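# A look at the structure
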Amino acid sequence: MVSTTQNMSPQHVIDPIMLQPSLPIQLQFIDICYKVKTHNNNDNNGVFKNMFKGASATNDNTVRERMILTGITGMVNPGEILAVLGPSGSGKSTLLNALAGRLSEEGFTGKVVANGRKLTKSVLKRTGFVTQDDVLYPHLTVRETLMFCALLRLPKSLSRKEKEEIADSVIAELGLCKCADTIIGNTFIRGVSGGERKRVSIAHEMLINPSLLILDEPTSGLDSTAAHKLMSTLGGLAHQKGKTVVTSVHQPSSRVFQSFDMVLVLSEGRCIYFGKGSEAMSYFESVDFRPCFPMNPADFLLDLANGTFYIYSHVD
Ligand SMILES: Nc1ncnc2c1ncn2[C@@H]1O[C@H](COP(=O)(O)OP(=O)(O)OP(=O)(O)O)[C@@H](O)[C@H]1O
């Protein structure tokens, strides 16, 4: 992705994170639990409640605890893609935030370890996180966006030219050459396509040459062909570049599902399956859950996570 230091004169020998080979990261997460406090106060809702219940309504200021994640354990190796599947609200984003060390300690228990050690600053520096809602400047072109980001995020020890080279190599790696001079755009100004926009968000994180790439629903809003293309790009980053990729996916097509090495299925914050994607169907068959007709394994797993397994043959 980036030029090596081999041809540089001694005064040019620099040691920025970009020029180091990507450190392989094995990520393990053990018994992850996360709970939040929910307030049942009457400050806002109470006005309306009291209107309907009358003046006799009591002030209910109780604080309740809600489990968002319960005992999630798993692992992903360098060169693998771990896909986190589950219905909306099942805890996918929360789990990704936990894996990236982004959850507040309050309410969080369990261990996240990289190469057998607690998440250190140096591991977090090597972690790219692509959120669901990207914030990109609509008036900048793809190249300008990545150049701007390179200038801000890459070490001061790199020259402007080196930063430009890195931005260009990331543009090529993410298949953005064709639209490099197109503006990002938004609802009002026509710009790059939805798939290209997602790639720009990924490129943004790739600039720091991460060893661990975590993505929250990168394929949402894309048609199945664009989703498949994007997953192939992520597959390349994992399988060819040795990155560890963890991604949540809402409703993958069967083609996209096949690109997952490992799969973790969440249902209401609990894990109902963790293992190889290719073995998910045979596992559920072994416990007598099998679809009545050939179907996309991802749809089957999501139906199970939603509790709609009554449509499948299940022998008691
Ligand atoms: N800090 C918080 N306070 C209260 N509830 C929370 C908090 N964080 C998450 N939740 C709740 O936890 C549940 C899981 O949220 P999360 O965003 O992880 O789900 P998700 O599977 O990513 O959903 P989606 O696919 O819709 O993005 C949701 O019901 C959400 O409202």
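Residues numbered from 1 in each chain as written. Predicted model: local features only at pLDDT ≥ 70, side-chain atom pairs only at ≥ 80, totals over all residues. Heavy atoms only, no water.

Moving on, we get to empty space enclosed by the protein. Where empty space is left becomes clear once a probe the size of a water molecule has been rolled over the atoms. On inspection of all chains with the given rule, the structure shows one cavity of 30 Å³ or more. Every residue lining the largest cavity is listed: Val-130, Thr-131, Gln-132, Asp-134, Lys-198, Ser-201, Ile-202, Asp-216, Glu-217 and Pro-218. Among the elements that make up the lining of the largest cavity, the one with the highest residue count is helix 6 (residues 194–206) (three residues). The class makeup of the residues in the lining of the largest cavity is three nonpolar, three polar and four charged. (1 Å grid on protein atoms, 1.4 Å probe; cavity = no way out; pocket = protein on both sides within 12 Å on 5 of 7 lines; lining within 4 Å. Points joined across faces, edges and corners; volume = space filled by probe spheres on them. Helix = DSSP H or I, 4+ residues; strand = E, 2+ residues; numbered from the N terminus. Nonpolar A, V, L, I, M, F, W, Y, C, P; charged D, E, K, R; others polar.)

Looking now at the layout of surface pockets. Considered as a void within the structure, the largest pocket measures approximately 340 Å³ in volume. In terms of lining residues, the largest pocket is bounded by Ala-98, Gly-101, Arg-102, Leu-103, Glu-105, Phe-108, Gly-110, Lys-111, Val-112, Val-113, Lys-118 and Leu-119. The element that contributes the greatest number of residues to the lining of the largest pocket is strand 4 (residues 108–114), accounting for five residues. Residue composition of the lining of the largest pocket, by class: six nonpolar, two polar and four charged.

Close contacts around the ligand come from 14 residues, with Ser-88, Gly-89, Lys-92, Ser-93 and Thr-94 the closest. In the model, an oxygen atom of the ligand is placed 2.5 Å from a nitrogen or oxygen of the Ser-88 side chain. Note that an oxygen atom of the ligand is positioned 2.8 Å from one of the side-chain N or O atoms of Lys-92. Here the ligand, which alone exposes 640 Å², has 63% of that area covered by the protein. Considering every element that reaches the shell around the ligand, the biggest residue donor is helix 2 (residues 92–99), with three residues. Among the residues making up the shell around the ligand, the classes are represented as three nonpolar, eight polar and three charged. (Near = heavy atom within 4 Å. Polar contact = N/O pair within 3.5 Å; in protein donor to acceptor, adjacent residues only side chain to side chain. Areas by Shrake-Rupley, 256 points an atom, 1.4 Å probe, with all protein chains shown as cover.)

Moving on: the packing of aromatic side chains. Considering all chains together, one arrives at six aromatic pairs under this definition. Seen in terms of ring centroids, Tyr-273 and Tyr-283 are 5.6 Å apart; in terms of plane orientation they differ by 40 degrees. Their pairing is tilted. Of the two residues, Tyr-273 is situated in strand 10 (residues 270–276) and Tyr-283 in helix 9 (residues 280–286); the sequence distance between them amounts to 10 residues. Ring centres 4.9 Å apart and planes at 75 degrees place the aromatic pair Tyr-283 and Phe-284 in the edge-to-face group. In this structure Phe-284 comes out as buried when scored by relative accessible area, which is 7%. By way of ring pairs, the aromatic residues Tyr-273, Tyr-283, Phe-284 and Phe-300 are connected into one cluster. (Phe/Tyr/Trp six-rings, centres within 6.5 Å; stacked < 30°, edge-to-face > 60°. Buried < 20%, exposed > 50% of the residue type's maximum accessible area, 1.4 Å probe, protein only.)

One turn of the α-helix equals 3.6 residues, which is why residues spaced by three or four share an orientation. Over its 14 residues, helix 5 (residues 160–173) runs 20 Å from end to end, which matches the ideal 20 Å to within 8%, given 1.5 Å per residue. Looking at the buried side of helix 5, the elements it contacts are helix 4 (142–153) and helix 6. (Expected span 1.5 Å × (residues − 1). Contact = heavy atoms within 4.5 Å.)

Here the focus is the confidence of the model for the protein chain. Taken over all residues, the pLDDT of the protein chain has a mean of 84, while the share at 70 or more is 84%. Highest mean pLDDT in the protein chain belongs to strand 3 (residues 81–85) (97); lowest belongs to helix 1 (residues 45–53) (53). Taken together, the stretch residues 1–17 has pLDDT below 50 and engages in 30 contacts with residues farther than four places along the chain or on a different chain. As scored by the predictor, the complex reaches a pTM of 0.85 and an ipTM of 0.97. (pLDDT = per-residue confidence, 0-100.)

Okay, the packing of helix 4 against helix 5 next. Close contact between helix 4 and helix 5 brings their axes to 9 Å; oriented N to C, the two are set at 130 degrees. The angle between the axes of helix 4 and helix 5 places the two elements in the oblique class. For helix 4 against helix 5, the interelement crossing comes out right-handed. Touching Arg-143, Leu-146, Met-147, Ala-150 and Leu-151 of helix 4 are Arg-160, Lys-163, Glu-164, Ala-167, Asp-168 and Ile-171, all from helix 5. (Axes fitted to C-alpha atoms, helices over the stretch in contact; angles between N-to-C directions. Parallel < 35°, antiparallel > 145°, perpendicular 65-115°, else oblique. Left-handed = near helix turned anticlockwise from the far one by under 90°.)

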